[in-house]
Amino acid sequence: MKIEKKDVEYIADLSRLELTGEEKELYSAQLGDILSWMDELNKADTSKVEPTAHILGLENVLRSDLPEPFPDREAILKLAPQRELDFIKVPKVIE
Amino acid sequence: MLTAVETVKLIKEKKLTALTALENCFKAIKERDGEIGAFLEVFENSARAQAAAVDAKAETGKPLGRLAGVPVAIKDNMAYAGHRMTCGSKILEGYVSPYTATAVQRLIDEDAVIIGRANMDEFAMGSSTENSAYKKTKNPADTACVPGGSSGGSAAAVAAGFCPIALGSDTGGSIRQPAAFCGVYGLKPTYGLVSRYGLTAFASSLDQIGPLTSTVEDAELALSVLAAHDPKDSTSVKKPALERPFNMKGLRVGLPKEYFSDMKGVSGEVAAALDTIKNKLRSAGAVTAEVSLPNSVYALAAYYIISSSEASSNLGRFDGIRYGSSVKGASLADVYRKTRARGFGPEVKRRIMLGVYSLSSGYYDAYYLKAQKIRTLLKRDFDAAFTKADVILTPVSPTTAFKLGEKIDDPVTMYLSDIFTIPCNLAGLAGISFPAGKSAAGMPVGAQLLAKPFNEGLLFNIIREVERAA
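This one's a predicted model, so the numbers in the text were calculated from it and none came from an experiment. (Residues numbered from 1 in each chain as written. Chains lettered and ligands numbered in written order. Predicted model: local features only at pLDDT ≥ 70, side-chain atom pairs only at ≥ 80, totals over all residues. Heavy atoms only, no water.)

Each helix and strand counted, chain A has three helices and two strands in total. Its C-alpha atoms give chain A a radius of gyration of 22 Å, clearly above 12 Å, the size a compact globule of 95 residues would have. Along the first, second and third principal axes, the C-alpha set of chain A runs to 55 × 45 × 25 Å. Expressed as a percentage of the 95 residues in chain A, the buried residues total 31%. Accessible area of chain A: about 7,100 Å², with a carbon and sulfur share of 51%. In chain A, the 13 positive side-chain charges and the 21 negative ones have mean positions that sit 4 Å from each other. (Helix = DSSP H or I, 4+ residues; strand = E, 2+ residues; numbered from the N terminus. Rg over C-alpha atoms; globule rule 2.2 N^0.38 Å. Buried < 20%, exposed > 50% of the residue type's maximum accessible area, 1.4 Å probe, protein only. Areas by Shrake-Rupley, 256 points an atom, 1.4 Å probe, with all protein chains shown as cover. Lys, Arg positive; Asp, Glu negative; His and termini not counted. Charge placed at Lys NZ, Arg CZ, Asp CG, Glu CD.)

Now the structure itself:
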């Protein structure tokens, strides 16, 4: 299986990763190798098999949607790369 | 190096202080961690303050916790309020946790002393700890070899005698494989038994926190503290680990024929060590039975699809906006792309892209859905095997620890070192890696026992019997 450079560019865009030309070459070869190895799975007959997303068959866990005070707000806010007062600054989102 | 059980006993008998126990660890770390590189950071100040508080409690006759004064290392993907956490990644350089993971808090509540954060493969993606963005960790048995991964720092710290207990996390073998490579015990508890609140998520349907220790008693003690329901983790189960009457006589040990009759890729030394364990089990009264796990040949590929898909979603949060390192960009999307390009290492990028590809329109059915169906087949294999056997014995990894640099450029070969540990996570079982001897070159070999969910107690009991039969 071969992954073309344009496929790598498409996947990288969906992944929000900026790749260098060198990385595009590397990943098109490596992802191709990994995916050909994964094509082994086609040998397994799963035509009548249900998928398993979660192994213990968990039940929904619900609780009241009530806010709780966080003990150290400042510890969270000071992690922000850009901050103004008690707000986290982000680049313009709406054009 | 004192075990955790010994440390607690001596401290409770006032024959040892927590500060002395801690200083002994620091001394061992200063002497040898320059060479081993198990720790990314030693929490000297907070650990001394914790130890002093334990000693003050002992002094005033207050009741001491079950881990009184036990020095514990935590993997660098667990939050500890006021301390740095990087997950072995540059994207979290400078991050200071605003809160504490439940697993870490439970140790602290029992008077354990948190001594530092252990090195790991970036975001727990790897089998050698070489994917850490900060440093290479060496195997204490031979510093030319890797310690395994991703909890390589945790395994090396225990093996080098820096601390009796280290926490690791296991998504596809990340506790058990480094435990085997370094010659210590590594437990992957049943999915849901230990809270993951405060553990940086890699693949949420597989991740589990567990202890690495130098004795089976310490693994049992650590699990008894860690296992509890936590309302902050919706996958945390309410039922505790099972305590069943145990009788070694007639215990059925399953040997998967796919692993034993055709030990393809398994080194002679690993196969020989497993034979020794088999004989010890038999002489202790157990019977062995052949079981079949026909779909285990697909487990590895299914695992990389499932874990990478989940990771591609979980790692979406590292975007340079709320925390972590950030690169300026012309637009929001540009900030994301540049921050992630600079912050993530090659293995993490590879797996994010693999996950995104598996989940993308047109490929979802062929990869992600297919892998989830394989997971069903694998679970059925284990359900059938556990009607014939009480536990299953397997190797941990096909070989002993490999050399640094040997597999780093070949992802698929690297992935193969987890072939025997991955099915346990996919099926949600309890699994433990324990020392099974040494190779001719003196490298540790591990053996793995798998049990049905919540049967950790059975695993501990069997290992004790095997060791008595020695």
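Let us now look at the interface of chain A and chain B. Taken together, the contact pairs 49 residues of chain A with 61 residues of chain B. Buried area between chain A and chain B, summed over both chains or domains, comes out near 5,000 Å², and the portion from carbon and sulfur atoms is 72%. Three residues, Trp37, Leu41 and Ile55 of chain A, lead the burial of chain A against chain B; their summed loss comes to 14% of the area buried on that side. One can count three salt bridges joining chain A with chain B. Measuring nitrogen to oxygen at the nearest pair gives 2.9 Å for the salt bridge that ties Lys349 of chain B to Glu23 of chain A. Taken together, chain A and chain B are joined by 17 residue pairs in polar contact (both at pLDDT 80 or more). Of all the secondary structure elements, the ones that give two or more residues to the side of chain A that touches chain B are helix 1 (5-14), helix 2 (21-38) and helix 3 (73-77) of chain A. For the side of chain A that touches chain B, the per-class residue count stands at 32 nonpolar, seven polar and 10 charged. (Contact = heavy atoms within 4.5 Å. Buried area = accessible area lost by both parts, 1.4 Å probe. Salt bridge = Lys/Arg side-chain N within 4 Å of Asp/Glu carboxyl O. Polar contact = N/O pair within 3.5 Å; in protein donor to acceptor, adjacent residues only side chain to side chain. Nonpolar A, V, L, I, M, F, W, Y, C, P; charged D, E, K, R; others polar.)

Residue and element names in this part refer to chain B. The buried fraction of helix 7 (residues 216-226) is high, at eight of 11 residues. Of all the residues in helix 7, the buried ones are Val216, Asp218, Ala219, Leu221, Ala222, Leu223, Val225 and Leu226. Packing partners of the buried residues in helix 7 comprise helix 1 (4-12), helix 4 (102-109), strand 4 (165-170), strand 5 (185-188), strand 6 (208-213) and helix 16 (456-468).

The set of residues buried in helix 1 of chain A consists of Val8, Ile11 and Ala12 of chain A. All buried residues of helix 1 of chain A fall inside an arc of 100° around its axis, so they share one side. The secondary structure elements touched by the buried residues of helix 1 of chain A are helix 2 of chain A together with helix 12 (346-359) of chain B. Once helix 1 of chain A ends, the next one or two residues include Arg16 of chain A, with phi positive near 55°. (Arc of directions from axis to C-beta.)

All right, on to the packing of aromatic side chains then. Working definition: an aromatic ring pair is given by the centre-to-centre distance plus the angle between the planes. Following the criterion strictly, the structure yields 18 aromatic pairs over all chains and no others. Three or more aromatic residues joined by ring pairs form one cluster here, namely Tyr95, Phe123, Phe318, Tyr323 and Phe344 of chain B. (Phe/Tyr/Trp six-rings, centres within 6.5 Å; stacked < 30°, edge-to-face > 60°.)

This part is about the sheet that holds strand 9 (residues 391-395) of chain B. Residues and elements named next belong to chain B. Strand order in the open sheet formed by 11 strands is 1-3-2-4-6-5-10-11-9-7-8, and the pairing between neighbours is mixed. Edge strands, defined here as strands with exactly one partner in the open sheet, are strand 1 (39-42) and strand 8 (287-291). Across the sheet, the mean angle from the axis of one strand to that of its neighbour is 30°, orientation sign disregarded. In this sheet, strand 11 (residues 444-451) lies alongside strand 9 in antiparallel orientation, the contact comprising five bridges. Each bridged residue has a counterpart across the sheet, and for Val391 the counterpart in strand 11 is Ala451. Each of strand 1 and strand 3 (113-118) is contacted by helix 3 (residues 44-59), which is oriented at about 160° to strand 3, the strand it contacts most. Packing of helix 5 (residues 152-159) onto the sheet brings it into contact with strand 1, strand 2 (71-75), strand 3, strand 4 and strand 6, and relative to strand 4 it is tilted by some 155°. (Pairing = 2+ DSSP bridges. Axes fitted to C-alpha atoms, helices over the stretch in contact; angles between N-to-C directions.)

For the rest of this paragraph, the subject is the environment of Ser417 of chain B. All names here are of chain B. Mapped onto the secondary structure, Ser417 falls in the loop between helix 14 (411-415) and helix 15 (422-426). When its relative accessible area of 2% is taken as the criterion, Ser417 is described as buried. It is 28 Å that separates the C-alpha atoms of Ser417 and Leu226, two residues lying 191 residues apart in sequence. Dropping the residues within four chain positions of it, Ser417 is found in contact with Ser127, Gln177, Val396, Ser397, Pro398 and Phe402. Among the polar contacts listed, one links the side chain of Ser417 to the backbone oxygen of Met414, at a separation of 3.0 Å.

Looking now at the pattern of salt bridges. Applying the stated criterion across every chain, the model contains 34 salt bridges over all chains. Residues Lys27 of chain B and Glu31 of chain B are paired through a salt bridge, measuring 3.4 Å at the closest nitrogen-oxygen approach. Pair noted here: Lys27 of chain B and Glu31 of chain B are both in helix 2 (residues 18-36), with a separation of four residues, about one helical turn. Each member of the pair, Lys27 of chain B together with Glu31 of chain B, is exposed. In this structure, Arg117 of chain B and Asp76 of chain B form a salt bridge, with 3.2 Å as the shortest nitrogen-oxygen distance. With Arg117 of chain B in strand 3 and Asp76 of chain B in the loop between strand 2 and helix 4, this pair connects stretches of sequence that are 41 residues apart. A cluster of three or more residues bridged by salt bridges with shared partners is formed by Arg73, Glu74, Arg83 and Asp86 of chain A.

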